[in-house]
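Coordinates in review
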Amino acid sequence: MKKWIDEKVEYLYSQIGRVPQKDFLFEPTKEFYETLERIDLIPSIDVVLDNIKRDKPPYVTFSAATESLAKHLGRDIPKIEFCPLKGASNGRNIAGQITIAGRSEKIEISSEFKEKELQLGRILAHEISHDFLYSEDIKLPNIEENERLTDLASLMLGFGKLVLNGMEERMGIQSLRLGYLSPADTAYAYVRINALYGVLEEKSLKNLTHNALKLVKPLIDERNVKEIRSVISKIRKKSSTVQSRLTRFKEVHSEIRAHQELINKNKGKLDIDSSDGVLFVKLNSYQFQHDSEAFSRQSEREMNEIRRTISAIEQSGMAVDQLNAIKRTLTLFDSRIDQLDTKSVESLDGLLEALYVQERYLNQGSRLIVDRFQELIREKEIEKALRLAGKADCRILTEMGVGYAQKNAPLAVKIFTRIIQLDPRAAGAYYNRGNVYRNFHYYDLAIKDYTNALEVDPMYTNAHINRGNAYSQLERYEEAIADYDSVLKLRSSYKAYVNRGNAFLHLNRILDAIEDFQTALKLDVVDMNNRARDDLSKAFSLLREKNGVVIYAKTRIKITLSNVLNLISRSRKIG
């Protein structure tokens, strides 16, 4: 039914748009219902005489009670009266009916609903909607479906609260349902249509009965949760873009400082245009340094606050009583991300423009810089050389970095970091720096660098293997296995099989581990360091310890037979 409702809501919206034009929802106040309750009830003679004296109708009629409904629609409605309506031929009781003969002439409502103001409001909404649809020539061929469409139209015309409040008439322990849509479907359509027209939650819940609230509130909460998740997703996407820009901002700022130091050292040798002098003064100033670092710190603080809050929201499970507060928080964060996005674009554009000017002058003195770089390398002034290095020097820097890495010297990290600054797509630099971090037991940093290397080069199998090893060191064995799987999809690898086998052992998947160690031995029958053999022996010991002698023996026999068959097959091929 929800699918039918969604389709027909779109259909009605395309046909009638928004009616009325101002306040969409009609508010059935306590006074409104009290008026419906008094229709056609003859008051005392004193009240009648007093009303006549005040030039008012002697008692409440439909025309007086339904004036507000006509005003809401901005159109006249047919004459309405109570009648002793009989049952329909299909056995369904008739609550109301409309007489149409070329035009809508009269709405009749069963006398049984006199003084039953909630049900009366619901019947009026349905019959008035019949009149509206008829005047707009909107109808469906099937009678039952057309009645459901009329129920839906009463919601589209803003009478949703009348419909929900009067859906059921209690009769002792039984209830008589009014209308052609079920209460649950009516509530779904009410929430769906209110969302279409942008009705605020507080307004949609106002003047609803307790039973109607019980139907509507959970659906609004469910819609709120979906909306919150959508906004969180949007904020995460925006945050990722801004974070990338902020990271680039730091890189360019660091590059500008290194370039400026170099330009200052070669000031007499570089022909700097006087019009650029102001820029170089600015780049050398304390204020430039202070402002850039302050922007970077403030931006990171804001990003961290947004990330922490969103994480807390997700972990809280988005409790119903918190939904409105969460929506307000996310609206604020969405605005802050937009502001930060604008600032980050402006700031990065300014830095890139300054970097472009610097590089024009650096290119003039590039030969001088290369000579000085080589000189510093020979003098073992590595850190000074790093500041002078250009992209063309990355090969030399890589050789130096690998040398220092083999000595476990921290300087290796600085060398590979400089290569990455010069060439952000240097997959090998990320990989080598990741190896250094892993040797120093900074496994999270190593994983991040291996991931960067794989983003640049998805076929970098060694990065997969070493990231898997780092995950294993952190006891994140499932993620480690995923990396080894990625390698084995690309090529057979002794290391991948042995390392995956050990990850399987830690997860108590002993038979999988044994299979991997066996495969590793087939790939490297020499097994110089006996690693696969030792691991296989350990796996069999664990199998025996955990599963007993019988399974252990069966597994050994099965594997031995498999090896014998492989040897026979190989010998036949040789023969």
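Residues numbered from 1 in each chain as written. Predicted model: local features only at pLDDT ≥ 70, side-chain atom pairs only at ≥ 80, totals over all residues. Heavy atoms only, no water.

**A look at the overall build of the protein chain**
Scanning the protein chain for helices and strands turns up 25 helices and five strands. Looking at the 575 residues of the protein chain, the share that counts as buried comes to 45%. Look at the contacts in the protein chain between residues 6 or more apart in sequence, and 66% of them connect residues 24 or more apart. Carbon and sulfur atoms make up 51% of the accessible area of the protein chain, which totals about 31800 Å². (Helix = DSSP H or I, 4+ residues; strand = E, 2+ residues; numbered from the N terminus. Buried < 20%, exposed > 50% of the residue type's maximum accessible area, 1.4 Å probe, protein only. Contact = heavy atoms within 4.5 Å. Areas by Shrake-Rupley, 256 points an atom, 1.4 Å probe, with all protein chains shown as cover.)

**Structural notes on the packing of aromatic side chains**
Scanning the entire structure with this criterion turns up ten aromatic pairs. Arranged with centres 4.9 Å apart and planes meeting at 55°, the rings of Phe62 and Phe82 form a pair that is tilted. Separated by 20 residues along the polypeptide, Phe62 in helix H4 (residues 62-65) and Phe82 in strand S1 (residues 79-83) bring together distant segments of the chain. Through a chain of ring-to-ring contacts, three or more aromatic side chains come together here, namely Phe26, Phe32, Tyr33 and Phe159. The ring centre of Trp4 lies 5.0 Å from the NZ or CZ of Arg148, which sits over that ring. (Phe/Tyr/Trp six-rings, centres within 6.5 Å; stacked < 30°, edge-to-face > 60°. Lys NZ or Arg CZ within 6 Å of the ring centre and 35° of its normal.)

**So, the pattern of salt bridges**
Using the criterion set out here, one finds 26 salt bridges in the structure. The partner of Asp151 in a salt bridge is Arg122, with the nearest N and O atoms 3.2 Å apart. Taken together, the positions of Asp151 in helix H7 (residues 143-156) and Arg122 in helix H6 (residues 117-135) put the pair 29 residues apart, joining distant regions of the chain. With its nearest N and O atoms 3.6 Å apart, the salt bridge here joins Glu300 to Lys250. (Salt bridge = Lys/Arg side-chain N within 4 Å of Asp/Glu carboxyl O.)

**So, the packing of helix H1 (residues 2-16) against helix H9 (residues 183-196)**
It is at 10 Å that the axes of H1 and H9 come closest, and there the two elements cross at 40°. As far as their axial angle goes, H9 and H1 are oblique. Regarding H1 and H9, the two cross each other, and that crossing is right-handed. Contact residues: Lys2, Ile5, Asp6, Val9, Glu10 and Tyr13 in H1; Asp185, Tyr188, Ala189, Arg192, Ile193 and Leu196 in H9. Per-class residue counts for the contact of H1 with H9 are seven nonpolar, no polar and five charged. (Axes fitted to C-alpha atoms, helices over the stretch in contact; angles between N-to-C directions. Parallel < 35°, antiparallel > 145°, perpendicular 65-115°, else oblique. Left-handed = near helix turned anticlockwise from the far one by under 90°. Nonpolar A, V, L, I, M, F, W, Y, C, P; charged D, E, K, R; others polar.)

**Examining a negative patch on the surface**
Judged by side-chain charge, Glu31, Glu34, Glu37 and Glu115 come together as a negatively charged surface patch. Among the secondary structure elements, Glu115 is positioned in the loop between strand S3 (104-110) and H6. Looking at Glu115, the relative accessible area reads 45%, which means it is partly exposed. (Patch = residues over 30% accessible without salt bridge, like charges linked within 9 Å, V, L, I, M, F, W, Y side chains within 5 Å. Lys, Arg positive; Asp, Glu negative; His and termini not counted. Charge placed at Lys NZ, Arg CZ, Asp CG, Glu CD.)

**Overview of the nonpolar core**
Grouped together as the largest cluster of nonpolar side chains are 67 residues, with contacts concentrated most on Ile235, Ile256, Leu330, Leu397, Ile415 and Ile419. Here this core gets 13 residues from one element, more than from any other, and that element is helix H14 (residues 323-364). For Ile415, the residues in contact, after removing those within four places along its chain, are Ile382, Leu386, Leu397, Met400, Gly401 and Tyr404. Trp4, Ala65, Ile98 and Leu149 belong to the second-largest nonpolar core, a separate cluster that totals 61 residues. (Core = buried A, V, L, I, M, F, W, Y, C linked by side-chain atoms within 4.5 Å.)

**Comments concerning helix H18 (residues 411-422)**
A rise of 1.5 Å per residue sets the reference length of H18, with its twelve residues, at 16 Å; its end C-alpha atoms lie 17 Å apart and thus fit the reference within 8%. Along H18, nine of the twelve residues are buried, which leaves the element largely enclosed by surrounding structure. Taken together, the buried positions of H18 are occupied by Leu411, Ala412, Val413, Ile415, Phe416, Arg418, Ile419, Ile420 and Leu422. Buried residues along H18 sit in contact with helix H16 (382-388), helix H17 (394-406) and helix H19 (427-439). (Expected span 1.5 Å × (residues − 1).)

**Quick notes on the side chain of Arg245**
You can see Arg245 is positioned in helix H11 (residues 210-265). On the basis of relative accessible area, Arg245 is assigned to the buried category, the value being 18%. Arg245 has contacts with Asp341, Ser344, Val345 and Leu348, leaving out every residue within four places of it along the chain.

**Some words on the packing of helix H2 (residues 30-37) against H6**
Direction vectors running N to C along H2 and H6 enclose 90°, while the axes themselves pass 9 Å from each other. Classified by the angle their axes make, H2 and H6 are roughly perpendicular. Touching Tyr33, Leu36 and Glu37 of H2 are Glu117, Leu118, Leu120, Gly121 and Leu124, all from H6. By residue class, the composition of the contact of H2 with H6 is five nonpolar, one polar and two charged.

**Some remarks on helix H22 (residues 477-490)**
Helix length check: H22, at 14 residues, gives a terminal C-alpha distance of 20 Å against a target of 20 Å (1.5 Å per residue), a fit within 8%. Along H22, the residues that are buried comprise Tyr477, Ala480, Ile481, Asp483, Tyr484, Val487 and Leu488. One side of H22 holds all its buried residues, which, seen down the axis, span an arc of 160°. Seen from the open side of H22, the exposed residues pointing more than 90 degrees away from its buried face are Glu478 and Lys489. (Arc of directions from axis to C-beta.)

**As for unusual backbone geometry**
One non-glycine residue, Asp137, lies in positive phi territory at about 55°. Its location among the elements puts Asp137 in the loop between H6 and H7. A residue is classified by how much of its surface remains accessible, and Asp137, at 62% relative accessible area, is exposed. Residue Asn408 is not a glycine yet carries a positive backbone phi of 55°. Along the chain, Asn408 turns up in the loop between H17 and H18. Asn408 sits in the partly exposed class, given a relative accessible area of 44%.

**Remarks on the confidence of the model for the protein chain**
The predicted model of the protein chain has a mean per-residue pLDDT of 81, with 83% of residues at 70 or higher. Confidence drops under a pLDDT of 50 for residues 171-175, and excluding neighbours within four residues, the segment shows five contacts in the predicted structure. (pLDDT = per-residue confidence, 0-100.)

**Observations concerning the environment of Arg418**
Here Arg418 is to be found in helix H18. Residues within four places of Arg418 in sequence aside, it is in contact with Leu386, Arg387, Ala389 and Leu397.

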